[in-house]
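Residues per chain, in single letters:
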Amino acid sequence: MKHFFVIANQAKDPEHRYTDRIASYLRKRGAQVSCMVNGQETTPVRAPEGIECVIVLGGDGTLLKAAGDLMEREIPLLGVNLGTLGYLAEVEIGNIEPALDKLLRGEYTKEARMMLSGGVFREGKSIIHEFALNDIVISRCGSLQILHFHIYVNGRFLNGYGADGMIVATPTGSTGYNMSAGGPIVEPGASLLLLTPICPHTLNNRSIVLSPDDEVVIEIPEGRENCVQKVEASFDGSHKVVLQTGDKIVIKKALKTTEILKLNTESFLEVLHKKMSE
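Fair warning: this is a prediction, and the values are worked out from it, not measured in the lab. (Residues numbered from 1 in each chain as written. Predicted model: local features only at pLDDT ≥ 70, side-chain atom pairs only at ≥ 80, totals over all residues. Heavy atoms only, no water.)

(A) Highlighting helix α2 (residues 60-69). For α2, a buried count of seven out of 10 residues is recorded, marking the element as mostly surrounded by other parts of the structure. For α2, the full list of buried residues reads Asp60, Thr62, Leu63, Leu64, Lys65, Ala66 and Ala67. (Buried < 20%, exposed > 50% of the residue type's maximum accessible area, 1.4 Å probe, protein only. Helix = DSSP H or I, 4+ residues; strand = E, 2+ residues; numbered from the N terminus.)

Here it is as C-alpha cells:
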C-alpha cells in the first residue's frame, strides 16, 4: 500500500500530534498521505480518489462513522485506538510504527464485516435509509416512559415488547450496546442478526439470534391510553431519525460489507480475554 487517508477525531487528537506523526512516518517511506481531522459529528467523511487504506484515529465511534460514510467506496479501514475500551481498533497508538511498517510491506489480512441496512417508512413511503456496521437502536426520546414495539420477522408477527428500547446488531456490534444490554457476544466474522431488548418490562428478556437472510420489521404502535409514541432510531449512534406511531423500520443485511484490516495474529477470543481483563 502506498496511498493512505488518515482520519482523526479532533477531541482525541486536539493538537494533531498523532495525525502528524503517522503522516510524517508514511511520507518519509515514500507513501502518499491525505489527512482529515474531524471535529463535527455531522461532517461527512470524504476520502480522495485513489486511496488504498483509511487509517482511523480515535475510538470505535470514529471508525463506525468512517465505515458508514465510506461504505460505497469499499476502502479497507484500520483503526488506531486513542480511546479506552475499543473492540474495533486493531492498533494501539504506542505500537503504531511497527503497524505502519506492516501496511507498507503488505503484511495484513482483510476481514469482511457484515453491515445492516435500515429503512424508515411512514404511511407506506420511505423517509430515510441508512446503514450501520454495529447496530440500529430504537430508543425513547423524551420522558421516561415504557416503549411498545411490534416485531415482525419475514412478514410474520414475532412478539410485542414493552421495553426501554430495542437493539438490532451485527456480529461486529455484539460487543457494543448489545453486550451492555445482556446480549450474546459473537465472533465478528460471522453473519447473523441479533435482536436484543433494552431493559424489557417482562420476565422474558432473551435475545434472539436470526439468520442473515431474515428481514426484521419494528412497528411503532400506539402507546398507553392510545397516545402517540415518539421514538428515536439511531444508526451506529450517529445518524438519527424520530419515529412516531404508525411508522415502521425495516432492517436487513446490507448488500455491501466493510473491510477491516487485521495486522495481529491474535484470535478474537484472545482479544476478548484481554479486553475483559482490563
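Structure shown, so let's carry the discussion forward.
(B) Molecular detail of the pairing of strand β15 (residues 230-235). As paired strands, strand β8 (residues 135-140) and β15 are joined by five bridges and run antiparallel to one another. Paired with isoleucine 136 across the strands is phenylalanine 235, a residue of β15. Bridging between β15 and strand β16 (residues 239-244) involves six bridges; their strand directions are antiparallel. Residue glutamate 232 lies in a different strand from β16, and its bridge partner there is valine 242. Between β15 and β16, which follow one another and run antiparallel, lie three residues, and aspartate 236 among them has a positive phi close to 55°. (Pairing = 2+ DSSP bridges.)

(C) Region of interest: the pattern of salt bridges. Overall, the coordinates contain 10 salt bridges when judged by the stated rule. For arginine 105, the salt bridge is made with glutamate 107, and the minimal N-O distance between the two is 2.9 Å. Residues arginine 113 and glutamate 111 are paired through a salt bridge, measuring 2.9 Å at the closest nitrogen-oxygen approach. Residue class for arginine 113 comes out buried when judged on its relative accessible area of 6%. (Salt bridge = Lys/Arg side-chain N within 4 Å of Asp/Glu carboxyl O.)

(D) The arrangement of helix α1 (residues 17-27) in detail. Here α1 has its buried residues at Tyr18, Thr19, Ile22, Ala23, Tyr25 and Leu26. Along the axis of α1, the buried residues cluster in a sector spanning 165°; they form a single face. Along its buried surface, α1 packs onto β1 (3-9), β2 (32-38), β3 (53-58) and α3 (96-105). (Arc of directions from axis to C-beta. Contact = heavy atoms within 4.5 Å.)

(E) Structural view of unusual backbone geometry. Phi at glutamate 74 is positive, roughly 55°, even though this residue is not glycine. Tracing the backbone shows glutamate 74 in the loop between α2 and β4 (77-81). Phi at asparagine 154 is positive, roughly 55°, even though this residue is not glycine. You can see asparagine 154 is positioned in the loop between β9 (147-153) and β10 (156-163). The class for asparagine 154 is partly exposed, based on a relative accessible area of 45%.

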